[in-house]
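Structural characterization, general
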Amino acid sequence: MSSSAPKVYPPSAEFAANANATADMYDRAEADPMEFWAEQARRLDWETPFDQVLDWSDAPFAKWYLGGKLNVAYNCVDRHVVAGKGDRVAIHWVGEPGDSRDITYSQLKDEVSRAANYLASIGLQTGDRVAIYMPMVPEAIVSMLACARLGLTHSVVFAGFSAAALRSRVDDAEAKVVITTDGQFRRGQPAPLKTAVDEALGTGDDAAASVQKVIVVRRTNHDPDLNWVQGRDVWWDDTVGEASPDHEPEAFDAEHPLFLLYTSGTTGKPKGIVHSSGGYLTQAAYTFHTVFDHKEGRDVFWCGADVGWVTGHTYLVYGPLSNGATEVIYEGTPNSPDEHRHFQIIERYGVTIYYIAPTLIRTFMKWGRAIPDAHDLSSLRLLGSVGEPINPEAWRWYHEVIGHGRCPIVDTWWQTETGGIMISPLPGVTECKPGSAMRPLPGISAKVVDDNGADVADGEQGYLVLDRPWPGMLRTIWGDAERFKDTYWSRFAEQGWYFAGDGARYDDDHALWVLGRVDDVMNVSGHRISTSEVESALVSHSAIAEAAVIGAADETTGQGIVAFVILTEGAESSGDELIAELRNQVATDISPIAKPREINVVPELPKTRSGKIMRRLLKDVAEGRELGDTSTLVDPGVFEAIRAQRA
Ligand code: PRX
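**Concerning the overall build of the chain**
In terms of regular secondary structure, the chain is built from 20 helices and 30 strands. Its C-alpha radius of gyration of 24 Å places the chain within 12% of the 26 Å reference for a compact globule of 647 residues. If one aligns the C-alpha atoms of the chain with their principal axes, the spans along those axes are about 75 × 65 × 55 Å. Counting over 647 residues, the chain shows a buried share of 60%. Nonlocal contacts in the chain, meaning residues at least 24 apart in sequence, comprise 71% of its contacts between residues at least 6 apart. Of the roughly 24300 Å² of accessible surface on the chain, a fraction of 47% belongs to carbon and sulfur atoms. With 59 positive and 92 negative side-chain charges, the chain shows a separation of 2 Å between the mean positions of the two kinds.

Here it is, written out as structure tokens:
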């Protein structure tokens, strides 16, 4: 992949001839955005049609599709059965140990109905919250859809999060039910999961007050001493499994909250991002159809994300299923039992559209091309990337080695908050350029601006803002409307723009490059982790007086977490033992994914005269660069000591 590699990749004539997207969509959306969004919403079945597309009079609190009523689960499941497609496979599920299940739309309808009937039978009411803490098993998706069917608001918590993280999310949402599994498979071994739920929910005075039931799916069946709380815990098989497969869905208001999804911000505890029903599903259905060029009945889609993240919500559940897609869902890691796993799955199911994160592409690169080359990947016709900037080298490798030079790559920029893809090439229409997300989708408007909100010139770096509302936008932060306004809408309050927290630039061809976060949020393997959360976990250890955490460039994971800590006087542990304890502390408070790559014990932290830690300079140190401007530091000499410690 030499310097003679092409700078841009125009769509092939063949792809363009059959593409779902058309070039005129940009102009149509621009000419009449409301009509464009009404048209996208008509992809869905509305029990009561909407009579107004958008009410933005109370900005930034948006209302989309006013007067409209729909059932999200009906749209994702039943309507395909009603249309005679019940025998189509919705999900090719592949378990980590090698077991597999094919689930048709008819079967999915029965399972979702059973789960809905059981949840209704225990007295849950529309608007109640249900926490879902599960590995990638079909029941996770069934649970989400059962909630949607009843108008319950789900809160999926990534099963890699710790008990403490689960508890804070359960408490914040006041979830009445937790759905989980006995265990999960990790690299061929069963590991407990319900244990974490028990620990999270506590007992006696410490018990999570809101939770009435824990529904447990039997997955690993490995633990003869599984703790069981009588009256609270029930097996999925004995309850959902016994319920009737007939359930009549009811339609809900377009603005009814479909789900909460917690994500890390710059400060404080994770925020429960609230998504709507009609607007969110419209965004999911539109982007899936257009960006992934999905052809019903022909394509096999595979999104490698976990259902615990927004990518899993929108492109494992709501986008594909609302489009009647056939998709692959894989439970495990890419190297279990060996590095061939993903490529075997592509081959076995004839995957045509494949959507993963750059971290995984870079990992494949490290493993070497002999592995994908050993497989027939000729079914692939479109590749996607999400979660972090993709470096041009990884883009070209993906294009050549996985896509055999034949598949367009959609580099899709979006966020938990945006609900669906915002910026991406349109395959068959837009040129692709390695490393660039190219341009906002039809209907979406983005700008790159300076501190004052003025457009920066092409080639210059600025802040990425979305200057118009869109249907899938977050509606608020659960229980904290002020924080919603403050976090996203205060930076450019005068203009009324959404500030994404990312830096970006347009290049000389006016192609958009997203450069990564400009706030204290790190992006590790496409996962969002806030520096302050990791810092609080570190200082909760008795030996630590102060901590500063930064995301340093990392060849594989995009960013790696690097911590600088100061010990308390008389700290009892030290050396490797202390470092191990600190890493465990972070795993316990947050998740193993948030464990620092490197922890440096230093005598002091670089601070300004007003006491602010200069993270920028710590980043320079961690990335091995010359130090930036140190003139505002109280004691520039502090770096001698920090460097000495790292040497
Ligand atoms: O910094 C951007 C980065 O991921 C952040 C959003 O993270 P999250 O809410 O966890 O959602 C991830 C999956 C949608 C963004 O603020 N990001 C996401 N996609 C891209 C990206 N950065 C560059 N290019 C992308 N394609």
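There's plenty left to go through after this.
**What about the pattern of salt bridges?**
Taken as a whole and judged by the stated rule, the model has 41 salt bridges. The shortest N-O distance in the salt bridge between arginine 88 and glutamate 296 comes to 2.7 Å. Of this pair, arginine 88 sits in the loop between α4 (72-82) and β4 (89-94) while glutamate 296 sits in the loop between α10 (278-291) and β16 (300-303), and the two are 208 residues apart along the sequence. With a shortest N-O distance of 3.6 Å, lysine 485 and glutamate 482 are connected by a salt bridge. Separated by three residues within a single helix, lysine 485 and glutamate 482 lie in helix α16 (residues 481-489), roughly one turn from each other. The exposure class of glutamate 482 is exposed, given its relative accessible area of 54%. Here the salt bridges do not stand alone but share partners, grouping Lys7, Lys433, Asp507 and Asp509 into one network.

**What about the sheet that holds β16?**
With mixed pairing, the seven strands of this open sheet are ordered in space as β5-β4-β17-β16-β18-β19-β20. Two strands close off the open sheet at either side, each with one partner strand: β5 (100-104) and β20 (409-412). For this sheet, the mean angle separating the axes of adjacent strands, direction not counted, is 15°. Summarising the sheet, β4 and strand β17 (residues 326-330) pair through four bridges and their orientation is parallel. Residue pairing across strands places isoleucine 91 opposite glutamate 327, the latter belonging to β17. Helix α11 (residues 310-322) contacts β4, β16, β17, β18 (353-356) and β19 (382-386) of the sheet and is inclined by roughly 150° relative to β17.

**Observations concerning the side chain of lysine 295**
With respect to the helices and strands, the residue lysine 295 is situated in the loop between α10 and β16. Side-chain polar atoms of lysine 295 contact the side chain of asparagine 20, separated by 3.0 Å. Apart from the residues lying within four places of it in its own chain, the contact partners of lysine 295 are Asn18, Ala19, Asn20 and Arg381.

**Re the packing of helix α7 (residues 163-173) against helix α8 (residues 194-201)**
When two helices pack together, their arrangement is given by the angle between their axes and by how far apart the axes lie. In the contact formed by α7 and α8, the axes pass within 8 Å of each other and the chain directions differ by 55°. In terms of axis orientation, α7 runs oblique to α8. With respect to the hand of their crossing, α7 and α8 are arranged in right-handed fashion. Between α7 and α8, the residues in contact are Ala163, Leu166, Arg167 and Val170 and Ala196, Val197, Glu199, Ala200 and Leu201, respectively. Per-class residue counts for the contact of α7 with α8 are seven nonpolar, no polar and two charged.

**Quick look at the site of the ligand**
The ligand sits among 17 residues. The nearest are Asp411, Thr412, Thr416, Asp502 and Arg528. Take glycine 387: an N or O atom from its main chain is 3.1 Å from a nitrogen atom of the ligand. One nitrogen or oxygen atom from the side chain of aspartate 502 is found 2.5 Å from an oxygen atom belonging to the ligand. About the coverage of the ligand: the protein hides 96% of its 540 Å² of free accessible area. Breaking the shell around the ligand down by element, the ones donating at least two residues are α11, β20 and β25 (512-517). Considered class by class, the residues forming the shell around the ligand number six nonpolar, six polar and five charged.

**Points about the environment of cysteine 147**
Looking at the secondary structure, you find cysteine 147 in helix α6 (residues 138-150). Between the C-alpha atoms of cysteine 147 and phenylalanine 259, which are 112 residues apart in sequence, the distance is 9.0 Å. Excluding residues within four positions of it along the chain, cysteine 147 makes contact with Leu119, Val130, Leu152 and His154.

**Points about the packing of α4 against helix α5 (residues 105-121)**
Where α4 meets α5, the axes come as close as 9 Å, and the angle between the chain directions of the two elements is 130°. As the angle between them shows, α4 and α5 are arranged oblique. Between α4 and α5 lies a crossing whose hand is left-handed. Along the contact surface, α4 presents Cys76, Val77, Asp78, His80 and Val81, while α5 presents Tyr105, Ser106, Leu108 and Lys109.

**Quick look at helix α17 (residues 531-539)**
With seven of its nine residues buried, α17 lies for the most part within the structure. Buried within α17 we find Thr531, Ser532, Glu533, Val534, Glu535, Ala537 and Leu538.

**Considering the nonpolar core**
Ranked by size, the top nonpolar core spans 116 residues in total, and within it Leu145, Phe292 and Tyr318 carry the most contacts. Top contributing element to this core by residue count: α6, with nine residues. Non-local contacts of tyrosine 318, meaning those with residues more than four positions away in its chain, are made with Val72, Cys76, Met144, Leu145, Ala148, His154, Leu258, Phe259, Tyr280, Leu281, Ala284 and His313. Core analysis: the second largest hydrophobic core is formed by 43 residues, Val170, Val197, Leu538 and Leu582 among them.

Criteria and thresholds
Residues numbered from 1 in each chain as written. Predicted model: local features only at pLDDT ≥ 70, side-chain atom pairs only at ≥ 80, totals over all residues. Heavy atoms only, no water. Helix = DSSP H or I, 4+ residues; strand = E, 2+ residues; numbered from the N terminus. Rg over C-alpha atoms; globule rule 2.2 N^0.38 Å. Buried < 20%, exposed > 50% of the residue type's maximum accessible area, 1.4 Å probe, protein only. Contact = heavy atoms within 4.5 Å. Areas by Shrake-Rupley, 256 points an atom, 1.4 Å probe, with all protein chains shown as cover. Lys, Arg positive; Asp, Glu negative; His and termini not counted. Charge placed at Lys NZ, Arg CZ, Asp CG, Glu CD. Salt bridge = Lys/Arg side-chain N within 4 Å of Asp/Glu carboxyl O. Pairing = 2+ DSSP bridges. Axes fitted to C-alpha atoms, helices over the stretch in contact; angles between N-to-C directions. Polar contact = N/O pair within 3.5 Å; in protein donor to acceptor, adjacent residues only side chain to side chain. Parallel < 35°, antiparallel > 145°, perpendicular 65-115°, else oblique. Left-handed = near helix turned anticlockwise from the far one by under 90°. Nonpolar A, V, L, I, M, F, W, Y, C, P; charged D, E, K, R; others polar. Near = heavy atom within 4 Å. Core = buried A, V, L, I, M, F, W, Y, C linked by side-chain atoms within 4.5 Å.

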